[in-house]
Amino acid sequence: MNYPRGLVRYTTENALEHKYPERDIIKKITRPRVIMYAVVISITLGVTVVSLMMRQPVKVNIERDRVALVREVEDGLLENSYRLLIQNASEQTHTYTIQAKGLPEMKLVGENQIQLAPTAMSDVAVRIQVPPQFAKMGSHEIEFIVTAKDDPAQTVVEKATFIGR
């Protein structure tokens, strides 16, 4: 085919060879398969953006010490041991404070503050001590609260259980 020099057209080969008119190109674009691909790609993109926006900047995983469920320490207090795996998922260094609540006169023994580099994680061993009159036999719900000192909005509350006698 001979085309005039300097002419640029944004169309298909078939349209250039006049196998179908340009108005039929719109019909080709609006086929169900093309529309479904566009919908799937849009939904995938939307889910990705929303998940990135809702991402937690700090993650906490709690494991109880399975060897000794409960032990009595020298002051007569009941003690449970926990291992907290704390992960800084943000792009800045943060110092996190660790607190526990749920039972009266409960004490957190061990490291209650930790500094983590960006995308780093650390294992923190802590013990919870409770007077026996407040931790009767059975399990009691407690919560660990991990908060970034420089950004209190970065707070994670994880539930755990305290085993009493």
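Structure: see above.
This is a predicted model, so every value here is computed, not measured.

## Brief notes about the side chain of Asn88
Here is step 1: Mapped onto the secondary structure, Asn88 falls in strand E3 (residues 78–88).
Here is step 2: Its relative accessible area of 0% is what places Asn88 among the buried residues.
Here is step 3: Of the polar contacts made by the side chain of Asn88, one reaches the side chain of Ser90; its length is 2.7 Å.
Here is step 4: Residues within four places of Asn88 in sequence aside, it is in contact with Pro57, Thr93, His94, Tyr96, Leu116, Ala117, Pro118, Thr119 and Ala120.

## A closer look at the sheet that holds strand E4 (residues 94–101)
Here is step 1: Read from one edge to the other, the open sheet built from four strands follows the order E6-E4-E8-E9, with strand pairing classed as antiparallel. The outermost strands of the open sheet, each flanked by one partner alone, are strand E6 (113–116) and strand E9 (155–164). Averaged over all adjacent pairs, the angle separating strand axes in this sheet is 25 degrees, with direction ignored.
Here is step 2: Direction of pairing for strand E8 (residues 138–148) relative to E9: antiparallel, over a ladder of 10 bridges.

## A closer look at the packing of aromatic side chains
Here is step 1: All told, the structure shown has one aromatic pair when counted by the stated rule.
Here is step 2: When the centroid spacing of 5.1 Å and the interplanar angle of 70 degrees are considered together, the rings of Tyr82 and Phe144 count as edge-to-face. Within this pair, whereas Tyr82 is found in strand E3, its partner Phe144 is found in strand E8, the two being separated by 62 residues in sequence.
Here is step 3: The exposure class assigned to Phe144 is buried, which follows from its relative accessible area of 1%.

## Remarks on the environment of Thr119
Here is step 1: Residue placement: Thr119 occurs in the loop between E6 and strand E7 (121–130).
Here is step 2: Each C-alpha atom, one on Thr119 and one on Gln92, is 8.2 Å from the other, the two residues being 27 residues apart in sequence.
Here is step 3: Sequence-distant contacts of Thr119, defined by excluding residues within four places in its chain, comprise Asn88, Ser90 and Glu91.

Analysis parameters
- Residues numbered from 1 in each chain as written.
- Predicted model: local features only at pLDDT ≥ 70, side-chain atom pairs only at ≥ 80, totals over all residues.
- Heavy atoms only, no water.
- Helix = DSSP H or I, 4+ residues; strand = E, 2+ residues; numbered from the N terminus.
- Buried < 20%, exposed > 50% of the residue type's maximum accessible area, 1.4 Å probe, protein only.
- Polar contact = N/O pair within 3.5 Å; in protein donor to acceptor, adjacent residues only side chain to side chain.
- Contact = heavy atoms within 4.5 Å.
- Pairing = 2+ DSSP bridges.
- Axes fitted to C-alpha atoms, helices over the stretch in contact; angles between N-to-C directions.
- Phe/Tyr/Trp six-rings, centres within 6.5 Å; stacked < 30°, edge-to-face > 60°.

So, to be careful, I would describe these as geometric facts and stop short of saying anything about function.
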